[in-house]
Every structure is written in C-alpha cells, then in structure tokens.
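Residue strings, one per chain:
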Amino acid sequence: MMTEKETATEKIITDAMANPSPAKSMGDPGITPLSPSHTQQNDTDQVPSGPSFVVVVAIDFGTTSSGYAYAFTKEPECIHTMRRWEGGDPGVSNQKTPTTILLTPDRKFHSFGYAARDFYHDLDPSESKHWLYLEKFKMKLHTTANLSIDTDLHAANGKRVKALDIFAYALAFFKEQALKELSDQTGGEFDNNDVRWVITVPAIWKMPAKQFMREAAYKSGLVSRENPEQLIIALEPEAASIYCRKLRLHQMVDLGTHSTQNGNSPTDNVGGGMTQVSPGHAAKEHVRRNRQSRTFLVENVIGELWSELEEGDRYVVVDCGGGTVDLTVHQIRLPEGHLKELYKASGGPYGSIGIDYEFEKLLCRIFGQDFIDQFKIKRPAAWVDLMIAFESRKRAAAPDRSNPLNINLPFSFIDYYKKFRGHSVEHALRKSNVDFVKWSSQGMLRMSPDAMNSLFKSTIDHIIQHLTELFEKPEVSDIKFLFLVGGFAESPLLQHAVQDMLQGRSRIIIPHDVGLTILKGAVLFGLDPSIIKVRRAPLTYGVGVLNRFVDGKHPPEKLLVKDGTRWCTDVFDTFIAADQSVALGEMVKRSYTPAKPSQQVIVIHVYCSEKEKAGFISEPGVRKCGTLRLDVSGTESAAPRREIQTLMQFGDTEIRAMAVDVSTGRTVKASIDFLSH
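**Student:** How should the pattern of salt bridges be read in this particular structure?
**Tutor:** Pairs can form between side chains of opposite charge whenever their charged atoms are close. Throughout the structure, instances matching the rule amount to 26 salt bridges. The salt bridge partner of R536 is D579, with a shortest N-O separation of 3.9 Å. Taken together, the positions of R536 in strand 25 (residues 532–536) and D579 in the loop between strand 28 (565–576) and strand 29 (581–583) put the pair 43 residues apart, joining distant regions of the chain. The burial state of R536 is the same as that of D579; both residues are buried.

Rendered as structure tokens:
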C-alpha cells in the first residue's frame, strides 16, 4: 500500500521517464535529469538522530583567539567553559587562548596558544628562525579563491606549511585538552565516541571552507569519516543568536536606554548615551561567582528579553570577530522559540585584525616597508611582541579619550632599525610626515587618540556601510533588537558607530561575556541542532543539463543534434536559488541515469552563482563550484535502465547528498565535494 506522498513522487518520475532528456554538459555525457521535485520532510518522518552522546563539546576556532565549552546532555542548562589557560596578556582578560601554533624545526606539533607564543618568544633568534610559528591563519580559508586540500600557509619565518596540517594540529590539541578535562570531571578515561563535537565557522564562509574544516577534523582524529554526524559545523552568528534568546537582563548591556531596569536606576551615563544595566547587588554577586566557576547556567525558560519579543518579531545579530563580521537576521517562532532566517547571511573580512593591518601600514609609512618586511622575517618574535603591545592599546581606544596611547617598541626593533638604516628610530619619527605619532623618551611610540581612532576607521566604515545596506532591504524592516557579539563588539568605537547609524531604530544589546557568546550558543546548538528551522540559501546552486531545443527561446549556438533530436546544451537546472527559504530537512530531488550500463561512477558538476536566476552554466557569474559523485558500482541490475534518485539537502549548515537506486531500492554512495582538486 503506497502512501499518497509516495504515489505522487512515483507519478512525477514515471512522467519524466516517458520523456527522457539525455543531458550533455561539460564532461557529463548522457546524464539524464528526470523530473525535479522538492519534498518537505515532516517532522514526524525525520531520520532518527543517530547515536546518543553523553556530552557536547563546542570549539570556537577563531581568527585571533580560540576556546572550547561543553555541557552534559543530562544537564543541558549547565554550560562549562574551558579551564583557565596558562599565560595571558596584560590588559587583555580572556577565557580564550590566542589562535597561535608552534611547530618544531622538523615540523612536528609543539604547542598552541599562550604556550606557543611564550616558548617562541623565549627562543634565541638564531634558533627561532628554524621554528614554524603561525597566527591569524584562519582567514586564509575565507580569502583563498580555489581552496583545496593542498592550500599552503606561511609561517612567521616565511616557510610554507600545509594549511590542512595546521588546522588538524589545532583541532587535535583541543580534542586532547577537552578530553583531559572531561576525564578529570568524570573520574575516568573519557571516551571520544561519547562526545558530539561542534566547530564554529563564520556564516559567510562558502562551502569549500566549511568542508575544509571537516576534512581537518577527520585528519585530527576528532571524528572519523565513517561517523560524520558526530561533528556538527555551527555558524557563528547563529550560535550567538541561540544564546542571546536566553539572556537575562543582568547578563547584558543595553546601549541607549535611559529607563530603569530591574527596579534599579541605571548607572551614570557611560560615554555618550550608553547606559549599563545595573543588576542590583545580588545579581552582580551571582555574575561574579559564575565568572570564577566557569559554569554558566542557561535557564530553560526563555530569557526576560525574550518575553518582550512576540511571535514574528525580528532581530539582527552582528558578530564582530577578529577576522570577519557576520550579519544574520532572525525571526522568532513561538511557543518553542524556534528561529527562522529572514535574509541570507552577509558580511565580510572586516574583523578587528583590519586594525592591526592599518597599524602595520602606519609603521611602514614611518620606518619604510623594506625595513618592516625584513624585521618580520629576521626578528619574528619581536614582531609578535610589538603586536601584543599594540593589542592592549587598541583595546583602550574610545571615542571620548583625550590622553595619548603609548606603545612599547621592543629593544630589538630599535636596535635592528639602527643597524638597517644607520640612524635612530627617533630620527625616523622626526623626519616622517606622520605628525600624530611621536617618540617618547621611555622608548615608546606615542599616538594621539585621533591617530588611534583613524586606524579603526576603514574597518568600522565597512561594518557600518554593510549594516546600512542590510537595513535597507525590505526583509530587514522593523528590527526590534540588534545584538552586538564577538570580541570586537567590546570596542567602544564600534559601539558608538553602530549607535550613530541606527539612530534609535532598534535597541542595541551587548551580552556581558561577549567573547564567549558564540561558544555558549554553539553548545546549545549541539544539544539541539533543529532549533533553527528555516535558513536562506547563500548562493544559487544547480547543474548543467540538456533541454529540448525551442526555436526563438534558445540561443542557436547552444543547439546540439543527437540521434535526430535537437537539444539545447548548458541549461542551468536550478536546485535552489540564492536567498530562497529552505526548511530544515527539505530535500531537492533529481534522478540521473548512467550513460553506459557498465559505468561505475557518475560525476556531475555542480555550478553556483551569486545571482538568483541563471539560465545557462556559461553565463558570467556562474562558476563550477563542486562535484556530485554517485558510486553506482555493484548496483548493476536486470532493469533496462538504471535510475539513480539523488536527494540533496540545503537547509542545514552544510550541503549533503544521498542517493538510491530506484530499481533495487539500495542506497548508493553519494558525496558532494566543494574542494578543488
């Protein structure tokens, strides 16, 4: 007995088979697309969620800093953030550790984080030039156009290393740290199979970068290729959004409200129109205690903030990290508080490291590009020192600051400059045309507040421009709250700029532990990945197929005559269009037939475009972005024609493919690969 749904699908396919259209498209001889159909899986017939895990561990692998947090599935409201790291910087309090990695001269993993930085720093310069030190390397996955398994990174000494190895070493380090902590907590050897791992990535990352992270996880032994669902890729602003819905008033700062909250009048105005929520003594005490225990209670009731949100309300999450800024627009669906994405994730490489690059450009203007390039290679540890000194001053920048900021120049900078140029650093500063940076007798660069603020300008301008454009989209009207999260959200300059731009159109909310927001949200996401029910497709995806040639409709140069039939080549068969809503579990269905009965593998090229509509795969803006491989070996059957039904899922954080041989009902191994080979 067939269900109605099955007969419907059946009918579509038989209709299609009555009128086959052999596809010829760029190396896909004779692939026949049968009829397209979208199926929406009801929650009732969802696939069982695989093995159950004892604990969820989320890794926030950031551009500038990283960390992990976890929760046991038995007490999901208790989120533990990782143990205190050794090391730490003056003026920078952080639960996370710098994303820095050190390899020995023979390329073996040595250390990660503060430990890597401190060890590298203490090496003698004659030795350190043989060691491989890497930092801020995550951005390479965003900026590399044709990312592959073989993409290289450059260490501080200029040597090349395989990016995949570095990412795998870092994940292996987190795996070891987390399992060690879990073993100590539970008093026995903790089994990795009991862990569901979550790795966070920017929402604006394209599929190759997400897949690269997954490959690195396989290589590091975090999870095995045979058990892919043990690892979930979470999108950073989505994680932040999930956490923000749980906020209590004492866990955040509300910019620009002058009302009393929680029955206490807000503290005095902090810097032009910003007020901090004063939670009252008991709550403060609670927050303080929690800070020490590293355990965050997420009350199961939805946060008080949420009690102001009604069905259908919209809010924006702006995740400002070290490398990227990611913007996500969500709408709340009550009563469960499920989330629906209203506009495709947007943003760009406008993270806080942009300010570091501006500082570097400033140094080049004063001391010469040739010197800075040499200094970085010859004295890499001193360069790291200089950037650490800059980091703590960068955090002191504020719109209303009047006193100058001093940046320590390492002795070897002063020394090496004199050798290199034959005159002093002081001389260089005097004769440079940069008048807002002075030399102070204690061996420091003295920057006026304006000079510091100007380093922020281009990065903040990019973010504001992006926000302005986003708020002009029709889908992004009536935004009730804007959540500012990520490490860069702590910058008063950025907060001020966002406030100026919004002019009171939305309330700006900044969670207290803004750098840990994503980490905590990622744990919640790992506990219940189905919380985000609808997403928007970031790109248009499809394949090239043949259609019957229609005179007047199809361009004559696309005509192909095969066995007396006239076909139009290179037609773009759209699986999903950019910014289209896709529900979780929704499948795009296509059927393909091997050209020859003996064929072992069907390889289909997947194309994508930023544009919502594409007619042909040869149009400008359409590029080949992946391959769909169907392994049909061992499925030979007596049926005259084998039909492989392929299901692709676009509603999740990663694109997946499954396939079935229709005549035998057997599963066909299907994979979709976005890394260029």
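Having seen the structure, we can now continue with the description.
**Student:** I would appreciate a short explanation of the sheet that holds strand 21 (residues 437–440) in the present structure.
**Tutor:** In sheet architecture, strand pairing relies on hydrogen bonds along the backbone and comes in two forms, parallel and antiparallel. Within the open sheet, the 3 strands sit side by side as 20-22-21. Their pairing is antiparallel. The open sheet has two edge strands with one neighbour each: strand 20 (405–408) and strand 21. On average, adjacent strands in this sheet sit at an angle of 30° to one another, irrespective of strand direction. Bridging between strand 21 and strand 22 (residues 444–447) involves 4 bridges; their strand directions are antiparallel. By the bridge assignment, K438 is partnered in strand 22 with R446.

**Student:** For this particular structure, what's the right way to read the side chain of Q599?
**Tutor:** Mapped onto the fold, Q599 is located in the loop between strand 30 (587–592) and strand 31 (601–609). A relative accessible area of 19% places Q599 in the buried class. For Q599, the residues in contact, after removing those within four places along its chain, are P594, V632 and R642.

**Student:** Could you clarify how one ought to interpret the packing of aromatic side chains in this entry?
**Tutor:** Describing an aromatic ring pair means giving the distance of the ring centres and the angle of the ring planes. Inspection of the entire model under this criterion finds 31 aromatic pairs. Ring centres 5.3 Å apart and planes at 20° place the aromatic pair F61 and F167 in the stacked group. On the criterion of sequence distance, the pair formed by F61 in strand 4 (residues 55–61) and F167 in helix 5 (residues 163–186) is long-range, its members being 106 residues apart. In terms of burial, F61 and F167 fall into one category: buried. Measuring from ring centre to ring centre gives 6.2 Å for Y541 and F674, while their planes differ by 70°; the resulting arrangement is edge-to-face. Taken together, the residues Y541 in strand 26 (residues 540–548) and F674 in the segment after strand 35 (666–673) connect sequence positions 133 residues apart. Following the ring pairs from residue to residue traces out a cluster consisting of F367, F371, F375, F413, Y416, Y417 and F420.

**Student:** Mind showing me how you'd approach the pairing of strand 4 here?
**Tutor:** On a regular strand, each side chain points to the face opposite its neighbour's, so the side chains alternate between the two faces of the sheet. Burial analysis of strand 4 places 7 of its 7 residues in the buried class, the great majority of the element. Following strand 4, the chain reverses through 3 residues before pairing antiparallel with strand 5 (residues 65–72). Here strand 4 runs beside strand 13 (residues 195–201); their pairing, made up of 5 bridges, is parallel. In the sheet register, V56 faces strand 13, and the bridge partner there is R196.

**Student:** Looking at this structure, how should I read the nonpolar core?
**Tutor:** Here is a general trend for soluble globular proteins: nonpolar side chains tend to be buried in one another's company. In terms of nonpolar packing, the biggest core is built from 99 residues, with F359, F367 and L482 touching the most fellow members. The biggest single contributor to this core is helix 14 (residues 449–472), with 10 residues. Among residues more than four places away in sequence, those in contact with F367 are F413, Y417, R421, V425, A428, L429 and L445. I59, Y68, L134 and A170 belong to the second largest nonpolar core, which has 50 residues in total.

**Student:** Help me understand the environment of V543 in this model?
**Tutor:** Take V543: it is sitting in strand 26. Taking relative accessible area as the criterion, V543 reaches 1% and is therefore assigned buried. Sequence separation between V543 and D573 is 30 residues, and the spatial gap between their C-alpha atoms is 5.3 Å. Among residues more than four places away in sequence, those in contact with V543 are V571, F572, D573, F575, Y592, I604, H605, V606, Y607 and I617.

**Student:** When you look at the packing of helix 7 (residues 236–244) against helix 16 (residues 517–527) in this model, what are you seeing that I'm missing?
**Tutor:** At a minimum axis distance of 7 Å, the contact between helix 7 and helix 16 shows a crossing angle of 85°. Considered as vectors, helix 7 and helix 16 are oriented roughly perpendicular to each other. Residues E236, E238, A239, A240, I242, Y243 and C244 of helix 7 pack against T517, I518, K520, G521, A522, L524 and F525 of helix 16. Partitioned by chemical class, the residues of the contact of helix 7 with helix 16 number 9 nonpolar, 2 polar and 3 charged.

**Student:** Please explain helix 15 (residues 492–502) as it appears in this structure.
**Tutor:** Counting along an α-helix, one turn takes 3.6 residues, and residues three or four places apart therefore face a common direction. By the criterion of burial, helix 15 is predominantly enclosed, with 8 of the 11 residues buried. Within the sequence span of helix 15, burial applies to L493, L494, Q495, A497, V498, Q499, M501 and L502. In the core, the buried residues of helix 15 are packed alongside strand 15 (252–255), strand 17 (314–320), helix 14, strand 23 (479–485) and strand 24 (507–511). Two residues or fewer after helix 15 comes Q503, characterised by a positive phi angle close to 50°.

**Student:** Is there a simple way to explain unusual backbone geometry in this structure?
**Tutor:** Glycine aside, negative phi is the norm for most residues, and most peptide bonds take the trans geometry. Positive phi outside glycine occurs at Q503, with the angle close to 50°. By the element assignment, Q503 lies in the loop between helix 15 and strand 24. Its relative accessible area of 64% is what places Q503 among the exposed residues. Of note, D570 is a non-glycine position whose phi angle comes to about 60°, a positive value. Checked against the element boundaries, D570 lands in strand 28.

**Student:** What's the story with helix 16 in this structure? I'm lost.
**Tutor:** Counting buried positions along helix 16 yields 10 of 11 residues, so the element is predominantly enclosed. Of all the residues in helix 16, the buried ones are T517, I518, L519, K520, G521, A522, V523, L524, F525 and G526.

**Student:** I keep staring at the side chain of S506 and nothing clicks. Help me out?
**Tutor:** Turning to its location among the elements, S506 is positioned in the loop between helix 15 and strand 24. In this structure the side chain of S506 is engaged in a polar contact, spanning 2.9 Å, whose partner is the backbone oxygen of I479. For S506, the contacting residues outside a window of four places in its chain are F471, I479, K480, F481 and L482.

**Student:** Would you take a moment to explain the confidence of the model for the protein for this structure?
**Tutor:** Where the model shows low pLDDT, its predicted coordinates should not be examined in detail. Summary statistics for the protein give a mean pLDDT of 83 and a share of 82% for residues scoring 70 or more. Here residues 1–50 is a poorly scored stretch, pLDDT under 50, and it has 98 contacts once near neighbours within four places are set aside; other chains count. Contacts from residues 258–293, a stretch scored under 50 in pLDDT, to residues over four places away or in other chains number 55 contacts.

**Student:** What is the right way to read the sheet that holds strand 8 (residues 100–103) from this model?
**Tutor:** Spatially, 3 strands are ordered 9-8-10 in an open sheet, and the strand pairing comes out antiparallel. Single-partner strands in this sheet number two, and they are strand 9 (109–112) and strand 10 (132–135). When the angles between neighbouring strand axes are averaged without regard to direction, this sheet yields 20°. Summarising the sheet, strand 8 and strand 10 pair through 4 bridges and their orientation is antiparallel.

**Student:** Can you walk me through the pairing of strand 8 in this structure?
**Tutor:** Burial along strand 8 is two-sided: the residues T100 and L102 and I101 and L103 are all buried. When strand 8 meets strand 9, the two strands line up antiparallel, connected through 3 bridges. From the neighbouring strand, I101 faces strand 9, where its bridge partner is F112. Between strand 8 and strand 9, which pair antiparallel in sequence order, lie 5 residues; one of them, R107, sits at a positive phi of approximately 70°.

Definitions and limits used
Note that residues are indexed from 1 along each chain, following the sequence as it is written. Totals for whole chains, interfaces and linings use every residue, but because this is a predicted model, local features are given only for residues with pLDDT of at least 70 and side-chain atom pairs only at 80 or more, for both listing and counting. Excluded from the side-chain calculations are hydrogens and water; all other atoms, namely the structure's heavy atoms, are used. The term salt bridge refers to a pairing of a side-chain nitrogen on Lys or Arg with a carboxyl oxygen on Asp or Glu at a separation within 4 Å. Counting from the N terminus, the helices are DSSP H or I runs at least four residues long and the strands are E runs at least two residues long. Each residue is placed in one exposure class: buried if its accessible area under a 1.4 Å probe, protein chains only, is under 20% of its type's maximum, exposed if it is over 50%, and partly exposed if it falls in between. Two strands make a pair as long as DSSP finds a minimum of two bridges between them. For helices, the fitted line uses only the C-alpha atoms of the stretch in contact; every axis is such a line through C-alpha atoms, and the angle between N-to-C directions lies from 0 to 180 degrees. Residues are treated as being in contact if the distance between any of their heavy atoms lies within 4.5 Å. Between the rings of Phe, Tyr and Trp (Trp by its six-membered ring), a pair exists once the centres lie within 6.5 Å; its type follows the angle of the planes, with under 30 degrees stacked, over 60 edge-to-face, and the other angles tilted. Grouping buried Ala, Val, Leu, Ile, Met, Phe, Trp, Tyr and Cys residues that are joined through side-chain atoms within 4.5 Å yields what is termed a nonpolar core. Here roughly perpendicular refers to angles of 65 to 115 degrees, roughly parallel to angles under 35, roughly antiparallel to angles over 145, and oblique to all remaining angles. Residues are grouped as follows: Ala, Val, Leu, Ile, Met, Phe, Trp, Tyr, Cys and Pro are nonpolar; Asp, Glu, Lys and Arg are charged; every other residue, Gly included, is polar. The term polar contact refers here to a pair of N or O atoms within 3.5 Å; inside protein, the definition further demands a hydrogen-donor-capable atom paired with an acceptor-capable atom, and it admits residues adjacent in sequence only when both atoms are side-chain atoms. For every residue, the predictor assigns a confidence score, pLDDT, that lies between 0 and 100.

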